[in-house]
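# Survey of secondary and tertiary structure
These are the residues of each chain, in order.
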Amino acid sequence: MKSSLVIGNWKSNGSLSGNRVLLDAVASGVPAGVRCAVCVPYPYLAQVGEILEDSAIAFGSQDVSEYGYGAYTGEVNAEMLAEFGCRFVIVGHSERRSLFDESDETVARKAGAVLDANMVPVVCVGETLAQRDAGEVHSVLQQQLDALDTVRGASRLAGLVVAYEPVWAIGTGRTPTPEQVQDALGFVRAWFAARIDDADAVDVLYGGSVKAGNAAELFALPDSDGGLIGGASLVADEFVAICAAAV
Ligand code: PEP
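Residues numbered from 1 in each chain as written. Predicted model: local features only at pLDDT ≥ 70, side-chain atom pairs only at ≥ 80, totals over all residues.

Put simply, the test is: UniProt positions are given in the numbering used here, feature names are shortened, and annotations may be inferred rather than shown by experiment.
If you look the chain up in an unreviewed UniProt entry, it shows as Triosephosphate isomerase from Azoarcus taiwanensis. Of the comments in the UniProt record for the chain, the one headed Catalytic activity (unreviewed entry) reads "D-glyceraldehyde 3-phosphate = dihydroxyacetone phosphate". Listed in UniProt under the heading Subcellular location (unreviewed entry), the comment for the chain reads: "Cytoplasm".

### With respect to the UniProt feature "binding site: substrate" (unreviewed entry) in the chain
The condition that has to hold: In this description, a residue-residue contact is defined by the distance between C-beta atoms placed from the backbone, which must lie within 7 Å. Only DSSP runs of H or I covering at least 4 residues are called helices, and only runs of E covering at least 2 are called strands; the numbering of each starts at the N terminus. Each residue is classified by how many other C-beta atoms fall within 10 Å of its C-beta atom, where C-beta atoms are placed from the backbone; a count of 20 or more means buried, 12 or fewer means exposed, and values in between mean partly exposed.
UniProt's feature table lists "binding site: substrate" (unreviewed entry) at N9, W10, K11, G171, S209, G230 and G231, given in the numbering used throughout. Spanning 223 residues, the named residues nonetheless gather at one spot, since no C-alpha pair among them exceeds 13.9 Å. Each residue touching N9, except ones within four places of it in the same chain, is listed here: C39, Q62, I90, L228, I229, G230 and S233. One can find W10 in the loop between β1 (4–9) and α1 (16–29). With 20 C-beta atoms counted inside 10 Å, the residue W10 sits in the buried group. Aside from chain neighbours lying at most four places away, what touches W10 is V38, C39, V40, P41, S233 and L234.

### Digging into the packing of α1 against helix α11 (residues 236–245)
Worth spelling out the cut-off: Working convention: axes come from line fits to C-alpha atoms, limited for helices to the stretch in contact. Angles between N-to-C directions cover 0 to 180 degrees. When describing relative orientation, an angle under 35 degrees is termed roughly parallel and one over 145 degrees roughly antiparallel, while 65 to 115 degrees is termed roughly perpendicular and anything else oblique. In this scheme the crossing of two helices becomes right-handed for a clockwise turn of the near helix relative to the far one and left-handed for an anticlockwise turn of less than a right angle. Here the term charged refers only to Asp, Glu, Lys and Arg, the term nonpolar to Ala, Val, Leu, Ile, Met, Phe, Trp, Tyr, Cys and Pro, and the term polar to all other amino acids, Gly among them.
Packing of α1 against α11 brings their axes to within 9 Å, and their N-to-C directions diverge by 25°. Compared by their axis directions, α1 and α11 come out roughly parallel. As for the relative orientation of α1 and α11, their crossing is right-handed in sense. Judged by residue contacts, L22, A25, V26 and G29 of α1 engage A236, F239 and V240 from α11. In the contact of α1 with α11, the residues fall into six nonpolar, one polar and no charged.

### Describing the sheet that holds strand β8 (residues 226–229)
To keep it simple, the criterion reads: We treat two strands as partners when DSSP finds at least two bridges between them.
Strand order in this closed barrel of eight strands is β1-β2-β3-β4-β5-β6-β7-β8, and the pairing throughout is parallel. Shown here is a sheet whose adjacent strand axes are inclined to one another by a mean of 25°, direction ignored. When strand β7 (residues 203–207) meets β8, the two strands line up parallel, connected through two bridges. What sits directly across from Y206, in β8, is G227.

### Some words on the site of the ligand
We apply this condition: Nearness rests on one distance test: the residue's C-beta atom, set from the backbone, must lie within 6 Å of the molecule or strand.
What surrounds the ligand is a group of 15 residues, the closest being I170, G171, G207, G230 and G231. Residue composition of the shell around the ligand, grouped by class: five nonpolar, eight polar and two charged.

### Concerning the UniProt feature "active site" (unreviewed entry) in the chain
This chain's UniProt record puts "active site" (unreviewed entry) on H93 and E165. For the annotated residues, spread through 73 residues, the largest C-alpha to C-alpha distance comes to 8.4 Å, consistent with a single compact locus. Beyond its immediate chain neighbours, meaning those up to four positions away, H93 contacts Q62 and C124. Its location among the elements puts E165 in the loop between β6 (161–164) and α9 (178–193). Since 27 C-beta atoms lie within 10 Å of it, E165 is described here as buried. Setting aside its immediate chain neighbours within four residues, E165 contacts S94, C124, G126, I170, G207, G208 and L228.

Structure below.
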């Protein structure tokens, strides 16, 4: 059986001094038997790569340009991230979709750029509360996932990680019931099963107010392969405990 994957999303947080303290504690505390990574702001990639050099913890970024090298002022492309040693790149986080107007198609192009650079896109999908209340969870997920068909090719789809993150659960302290989470994770799994041979090999994560106290129950769900952790990934003890719950 594959080990669980737990990825921290620092969002726009961190400092040169604080990162070192946090990562030293995480690197020494995360148990063997869980795949762990942290996705950090761009300016910290070099520092984080150096701190984690001799650890089993991977790292990555929280976004990427859909473009390559060239006249794209302010953009950071996938080749650059790969050069810094990134393994994972979060794409389509709901904060980017809502605050920066990223469309499903943009997210798919970013995922393709990450794959082209031999890294792993962590594609975030999930519904708003209004969409859930309107009974649209499956149709929202279907639309967000279908855009990934433009990534093209079963071997490329097999290289994706998908994080189901209901927008209303992110940073709010609210989590869906385990049944609601399993329903969504199972839907994502079925989407892959319709397209690739080994859908079980794809990592399907849950994200949204995961804490040490609820992690074990969420990670134990049949279609859960781990979690994407926001706020709690900034607190060493909490993040380590979440990782321990995934073993
Ligand atoms: C996230 O930012 O991806 C996230 C899941 O945040 P939080 O854990 O704080 O809800």
